[in-house]
There are 2 protein chains.
Amino acid sequence: MDDKVILTIGRQFGSGGREIGQKLAHALGIVYYDKELMALAAKESGLSEEFFKKADERASSGLSYAFTMGFPYMGLFSSYTDVLSNDRLFLYQSDAIRKLAAEGSCIIVGRCADYILRDDPACLSFFIHNRKENRIQRIVAGENVTVEQAEELMTKTDKSRAAYYNYYTNKEWGVASSYNFSIDVSVLGVDETVEFIQSFVNRKLNRRPPHFG
Amino acid sequence: MDDKVILTIGRQFGSGGREIGQKLAHALGIVYYDKELMALAAKESGLSEEFFKKADERASSGLSYAFTMGFPYMGLFSSYTDVLSNDRLFLYQSDAIRKLAAEGSCIIVGRCADYILRDDPACLSFFIHNRKENRIQRIVAGENVTVEQAEELMTKTDKSRAAYYNYYTNKEWGVASSYNFSIDVSVLGVDETVEFIQSFVNRKLNRRPPHFG
């Protein structure tokens, strides 16, 4: 691609957001970052990658629980030190995200990238969601779990992602106005959703197909 | 259009959702319903149109206030009779919406149409949002008010729409997963957003432009 674009993707667990991000990166010929970000942040910080994986997209350990159960319970599950170290991990990851975005066009999945890069005019933010039944089917296949386990995993992971996003940004996870564009994958399916998002990026870059005149 | 489509549009106040709905209806050659629904519902019910206008997209009078202020205040502002009559208005309007959708392709703005028509396979639901600055500018121009008044009107109208939607549906107003597709008008502007939504409808109907192969 000639023009620079940074696409950030938020997604419901099991929605197909990761697959869409990878296929979109391939279609646009740009770099895709997801879990790779942790390795980069770890390298920057000098800390172990394990450490980052443990904290990845989780609000400071007590926090996501506190968001669900109410703050009086917070003291039982977290400590001031936990909060501090998770916040430091977030800062390392934010630095890694800003460096990657400065290097050139890319797609970044999760990790509040839309908020971290909010002042970058090349940034477009997406939120990917899907029908509940399709998500459960995807989780059952991808994680090798039962339907009941898939449903529990789906609810818990979304809660955890929402807590992380709502804690580190001034926006709300999954709310339409937090993103430039949100789409239900079940309408067009994965591959055509990728094509459709690509056409949005092309329009944004003023490279509309000829038939639009 | 040959194939039937029912497009429902939810929208932030001042986002341009109404203008987009009208232009989209024109582009697709289908009927547009917004405030017209009230006249139809009034005709069905034998009640005055004024009566419907007063209750339009407001949850039972005390309810939207109760959602904001907490339920203890509810008794001060509503009565059982109010709740009953507003619920009856909602039912008349729902009937009108179902009849229109049965008649043929159309666009329906607001009034929980996405929920009322949730089992109709021809139905696609959209949520239109916009940058705060653009919305205020649109409201100032459209309602002939000051910037401060526009901001207040924006916040109050959105709260009222959310209360209405959240009361009458099992979904949440403005949350991405409540709709098939949500878009920030500021990225492409009104006219190209209309074109882009039109391309989504065409894809859904499998009438993709030739260059997509």
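Look up: the structure comes first, before these words.
How each quantity is defined
- Residues numbered from 1 in each chain as written.
- Chains lettered and ligands numbered in written order.
- Predicted model: local features only at pLDDT ≥ 70, side-chain atom pairs only at ≥ 80, totals over all residues.
- Heavy atoms only, no water.
- Salt bridge = Lys/Arg side-chain N within 4 Å of Asp/Glu carboxyl O.
- Helix = DSSP H or I, 4+ residues; strand = E, 2+ residues; numbered from the N terminus.
- Contact = heavy atoms within 4.5 Å.
- Buried area = accessible area lost by both parts, 1.4 Å probe.
- Core = buried A, V, L, I, M, F, W, Y, C linked by side-chain atoms within 4.5 Å.
- Buried < 20%, exposed > 50% of the residue type's maximum accessible area, 1.4 Å probe, protein only.
- Pairing = 2+ DSSP bridges.
- Least-squares fit on C-alpha atoms with pLDDT ≥ 70 in both.
- Phe/Tyr/Trp six-rings, centres within 6.5 Å; stacked < 30°, edge-to-face > 60°.
- Lys NZ or Arg CZ within 6 Å of the ring centre and 35° of its normal.
- Expected span 1.5 Å × (residues − 1).
- Arc of directions from axis to C-beta.
- Axes fitted to C-alpha atoms, helices over the stretch in contact; angles between N-to-C directions.
- Parallel < 35°, antiparallel > 145°, perpendicular 65-115°, else oblique.
- Left-handed = near helix turned anticlockwise from the far one by under 90°.
- Nonpolar A, V, L, I, M, F, W, Y, C, P; charged D, E, K, R; others polar.
- Polar contact = N/O pair within 3.5 Å; in protein donor to acceptor, adjacent residues only side chain to side chain.

**Let's talk about the pattern of salt bridges**
Right, on to step 1. The tally for this structure, following the rule as stated, stands at 26 salt bridges over all chains.
Right, on to step 2. Close ionic contact of B:Asp114 with B:Lys171 constitutes a salt bridge, the shortest N to O distance being 3.1 Å. With B:Asp114 in helix H7 (residues 113–116) and B:Lys171 in the loop between helix H9 (147–168) and strand S5 (181–184), this residue pair connects regions lying 57 residues apart in the sequence.
Right, on to step 3. Counted as one network, the salt bridges with shared partners bring together A:Glu19, A:Lys23, A:Arg138 and A:Asp191.

**So, the interface of chain B and chain A**
Right, on to step 1. Residue-level contacts link 27 residues of chain B with 27 residues of chain A.
Right, on to step 2. Counting the surface lost from both chain B and chain A, the interface buries some 2400 Å², and carbon and sulfur atoms represent 61% of this.
Right, on to step 3. Its largest share of buried area at the contact with chain A, chain B owes to B:Val187, B:Phe196 and B:Arg203, together 22% of the area lost on that side.
Right, on to step 4. The interface formed by chain B and chain A includes 4 salt bridges.
Right, on to step 5. Across the pair B:Arg203 and A:Glu195 runs a salt bridge, and its minimum N-O distance is 3.0 Å.

**A look at the nonpolar core**
Right, on to step 1. In this structure, A:Phe181 and B:Phe181 are the most contacted members of the largest nonpolar core, which totals 52 residues.
Right, on to step 2. Residues within four places of B:Phe181 in sequence aside, it is in contact with A:Phe181, A:Ser182, A:Ile183, A:Phe196, B:Ser125, B:Phe126, B:Phe127, B:Phe196, B:Ile197 and B:Phe200.
Right, on to step 3. One finds B:Tyr33, B:Tyr115, B:Ile116 and B:Tyr165 within the second-largest nonpolar core, a separate group that totals 24 residues.

**Regarding the pairing of strand S3 (residues 106–109) of chain B**
Residue and element names in this part refer to chain B.
Right, on to step 1. Side-chain alternation along S3 places Cys106 and Ile108 on one buried face and Ile107 and Val109 on a second face that is also buried.
Right, on to step 2. For strand S1 (residues 6–11) and S3, the ladder comprises 4 bridges, and the chain directions are parallel. Residue pairing in the sheet places Ile6 in a bridge with Cys106 of S3.
Right, on to step 3. Pairing of strand S2 (residues 31–33) with S3, which is carried by 3 bridges, proceeds in the parallel orientation. Within the sheet, the bridge partner assigned to Tyr32 lies in S3 and is Ile107.

**Details of the relation of the copies chain B and chain A**
Right, on to step 1. Here chain B sits on chain A after a turn of 180° about the axis and a move of 0.0 Å along it, with an RMSD of 0.0 Å. Interpreted geometrically, this transformation is the action of a two-fold axis.
Right, on to step 2. Of the interface residues in chain B, 100% have counterparts in chain A that sit at the interface too, so the contact is made through matching surfaces.

**Looking at the packing of aromatic side chains**
Right, on to step 1. Scanning all chains against the criterion turns up 28 aromatic pairs over all chains.
Right, on to step 2. Ring plane angle 90° and centroid distance 5.3 Å describe the contact between A:Phe127 and A:Trp173, whose orientation is recorded as edge-to-face. With A:Phe127 in strand S4 (residues 123–129) and A:Trp173 in the loop between helix H9 (147–168) and strand S5 (181–184), this residue pair connects regions lying 46 residues apart in the sequence.
Right, on to step 3. Taken together through their ring pairs, the aromatic side chains of A:Phe126, A:Phe181, A:Phe196, A:Phe200, B:Phe126, B:Phe181, B:Phe196 and B:Phe200 make up a single cluster.
Right, on to step 4. Over the ring of B:Tyr115 we find B:Arg118, and its NZ or CZ is 4.0 Å from the ring centre.

**Digging into helix H1 (residues 17–28) of chain A**
All names here are of chain A.
Right, on to step 1. The end-to-end C-alpha separation of H1 is 16 Å, in line with the 16 Å expected for 12 residues at 1.5 Å each.
Right, on to step 2. Listing the buried residues of H1 in full gives Gly17, Ile20, Gly21, Leu24, Ala25 and Leu28. Taken around the axis of H1, the buried residues stretch over an arc of 135°, which confines them to a single face.
Right, on to step 3. Where H1 is buried, its residues contact strand S1 (6–11), strand S2 (31–33), strand S3 (106–109), S4 and helix H10 (189–204).
Right, on to step 4. Looking one or two residues past H1, Gly29 carries a phi angle of roughly 70°, positive in sign.

**Things to note about the packing of helix H1 (residues 17–28) of chain B against helix H10 (residues 189–204) of chain B**
All names here are of chain B.
Right, on to step 1. Running from N to C, H1 and H10 point in directions that differ by 50°, and their axes come no closer than 9 Å. It follows that H1 is oblique to H10 by the angle criterion. As H1 runs across H10, the sense of the crossing is right-handed. Where H1 approaches H10, its residues Glu19, Ile20, Lys23, Leu24, Ala27 and Leu28 are matched on the opposing element by Val190, Asp191, Thr193, Val194, Ile197 and Gln198.
Right, on to step 2. Across the contact of H1 with H10, the residue classes tally to 7 nonpolar, 2 polar and 3 charged.

**Topic: the sheet that holds S1(A)**
Right, on to step 1. With mixed pairing, the 10 strands of this open sheet are ordered in space as S2(A)-S3(A)-S1(A)-S4(A)-S5(A)-S5(B)-S4(B)-S1(B)-S3(B)-S2(B). The open sheet has two edge strands with one neighbour each: S2 of chain A together with S2 of chain B. Going across the sheet, the axis of each strand differs from the next one's by a mean of 20°, ignoring polarity.
Right, on to step 2. In terms of strand pairing, S1(B) meets strand S4 (residues 123–129) of chain B through 6 bridges, oriented parallel. Across the sheet, B:Arg11 pairs through a bridge with B:Ile128, a residue of S4(B).

**Things to note about the side chain of B:Asp114**
Residues and elements named next belong to chain B.
Right, on to step 1. Overall, Asp114 belongs to the buried group, its relative accessible area being 8%.
Right, on to step 2. In this structure the side chain of Asp114 is engaged in a polar contact, spanning 2.5 Å, whose partner is the side chain of Tyr165.
Right, on to step 3. Contact partners of Asp114, with chain neighbours within four places excluded, come to Thr8, Ser125, Tyr165, Lys171, Ser178 and Tyr179.

**Structural notes on the pairing of S4(B)**
Residues and elements named next belong to chain B.
Right, on to step 1. S4 sits mainly inside the fold: 7 of its 7 residues count as buried.
Right, on to step 2. By the alternation rule, side chains of S4 split into Cys123, Ser125, Phe127 and His129 and Leu124, Phe126 and Ile128, which are all buried.
Right, on to step 3. Of the pairings in the sheet, the one linking S4 to S5 comprises 4 bridges and is parallel in character. By the bridge assignment, Phe126 is partnered in S5 with Phe181.

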